[in-house]
Amino acid sequence: MPDRNAALRAEWRRATTARVGLERAGPALATQPVLAFRAAHARARDAVHTGLDEDALAAAFAPRGVIRVHSEARDREEYLRRPDLGRRLHPDFMAQLPGGPCEVAMICADGLSALAVQQQAPPFVAALAEELPGISICPIIVALRGRVALSDDVGEAMGARLAIIMIGERPGLSVADSMGVYITYGPRRGRRDMERNCISNIHGDGLSPRAAAAKTAWIVRTAMAMECTGVTLKDEQPMVLGEAETGLIAGV
């Protein structure tokens, strides 16, 4: 007798990357979904442990100028065990960063998925520069083993009014190459997460780099007018979707 719910489960699977309506073999999952789960888990682990290709990323940003730095974490293992070290810029680089004047410091950090920034950051930066004519952007900072708060140290050292960090988000079992963007007005060490705005889920099946750049540009202009970011800056820009956009926009 045919399963009357099979068509409904198939429709669910087409609508989401979540694991719903999986095929079963008796009391257990069928072989195919088990193998797919293991493959997704392997991709997530690879994303966390794979290092950033600095040379390729620096080449992509070369026309805008590139400065390479790293956090106080000495290697990938320490970075994963000690999040606090990833939030601080290594002292050797403090004096090497240009002191301005510039309005926006842009940092590209590997985070928990170097693959994400490798793929999404170059088109995002190019689109953002088009969206922000007349606003001076510092050379792109490529940061190894960085957490979000690293942008506070960098922005403060560069005397920037505002810092934007592009960072690889924690991989899940459906997406391993998602990038997040965090915007902080008046960056300085000690800023709290409530003082930032975030745009999340930037990847091929989520928010495109161009759509994310348009959203970021709106936040940047609003932040400079209000002289703040975070919970006091509400994301009230009308959302316009196009192409493969799914509307996965997060505001903090």
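In short, a report on the structure. (Residues numbered from 1 in each chain as written. Predicted model: local features only at pLDDT ≥ 70, side-chain atom pairs only at ≥ 80, totals over all residues. Heavy atoms only, no water.)

**Quick look at the pattern of salt bridges**
Okay, step 1: Inspection of the entire model under this criterion finds 13 salt bridges.
Okay, step 2: Put simply, Arg-161 and Glu-103 hold a salt bridge, and the shortest N to O gap is 3.8 Å. One end of the pair, Arg-161, is in the loop between helix H8 (150-158) and strand S6 (162-168); the other, Glu-103, is in the loop between helix H6 (91-94) and strand S4 (104-109), and 58 residues separate them in sequence.
Okay, step 3: According to the relative accessible area criterion, Arg-161 is partly exposed, its value standing at 30%.
Okay, step 4: Here the salt bridges do not stand alone but share partners, grouping Asp-152, Asp-193 and Arg-196 into one network. (Salt bridge = Lys/Arg side-chain N within 4 Å of Asp/Glu carboxyl O. Helix = DSSP H or I, 4+ residues; strand = E, 2+ residues; numbered from the N terminus. Buried < 20%, exposed > 50% of the residue type's maximum accessible area, 1.4 Å probe, protein only.)

**Thoughts on the pairing of strand S8 (residues 196-202)**
Okay, step 1: S8 sits mainly inside the fold: six of its seven residues count as buried.
Okay, step 2: Judged from the five bridges that link them, strand S7 (residues 179-185) and S8 form a sheet pairing that is antiparallel. Residue pairing across strands places Tyr-182 opposite Cys-198, the latter belonging to S8. (Pairing = 2+ DSSP bridges.)

**Considerations on the packing of aromatic side chains**
Okay, step 1: For the structure shown, the criterion picks out zero aromatic pairs.
Okay, step 2: The ring of Tyr-79 is capped by Arg-147, whose NZ or CZ atom sits 4.3 Å from the centre of that ring. (Phe/Tyr/Trp six-rings, centres within 6.5 Å; stacked < 30°, edge-to-face > 60°. Lys NZ or Arg CZ within 6 Å of the ring centre and 35° of its normal.)

**Structural notes on the pairing of strand S3 (residues 66-70)**
Okay, step 1: Judged by which residues are buried, S3 turns out to be one-sided: Ile-67 and Val-69 face inward and are buried, whereas Val-66, Arg-68 and His-70, on the alternate face, are not.
Okay, step 2: Looking at chain direction, S3 and strand S5 (residues 140-144) are connected through five bridges and run parallel. Across the sheet, Val-66 pairs through a bridge with Ile-140, a residue of S5.

**Points about the sheet that holds S5**
Okay, step 1: With respect to topology, six strands assemble into an open sheet ordered S3-S5-S4-S6-S7-S8, the strand pairing being mixed. Every other strand in the sheet has two partners, leaving S3 and S8 as the edge strands with one partner each. Strand after strand, the sheet turns through a mean of 20° between neighbouring axes, direction not considered.
Okay, step 2: The sheet strands contacting helix H3 (residues 54-61) are S3, S4 and S5, and the helix crosses S3 at an angle near 150°.
Okay, step 3: Along the sheet, helix H7 (residues 114-131) makes contact with S4, S5, S6, S7 and S8, crossing S6 at roughly 150°. (Axes fitted to C-alpha atoms, helices over the stretch in contact; angles between N-to-C directions. Contact = heavy atoms within 4.5 Å.)

**Overview of the packing of H3 against H7**
Okay, step 1: Orientation of H3 relative to H7, taken along the N-to-C sense of each, is 10°, at an axis distance of 10 Å. Taken together, H3 and H7 sit at an angle that is classed as roughly parallel. Residues Ala-56, Leu-57, Ala-60 and Phe-61 of H3 form the contact with H7, whose participating residues are Val-117, Gln-118, Ala-121, Pro-122 and Val-125.
Okay, step 2: The class makeup of the residues in the contact of H3 with H7 is eight nonpolar, one polar and no charged. (Parallel < 35°, antiparallel > 145°, perpendicular 65-115°, else oblique. Nonpolar A, V, L, I, M, F, W, Y, C, P; charged D, E, K, R; others polar.)

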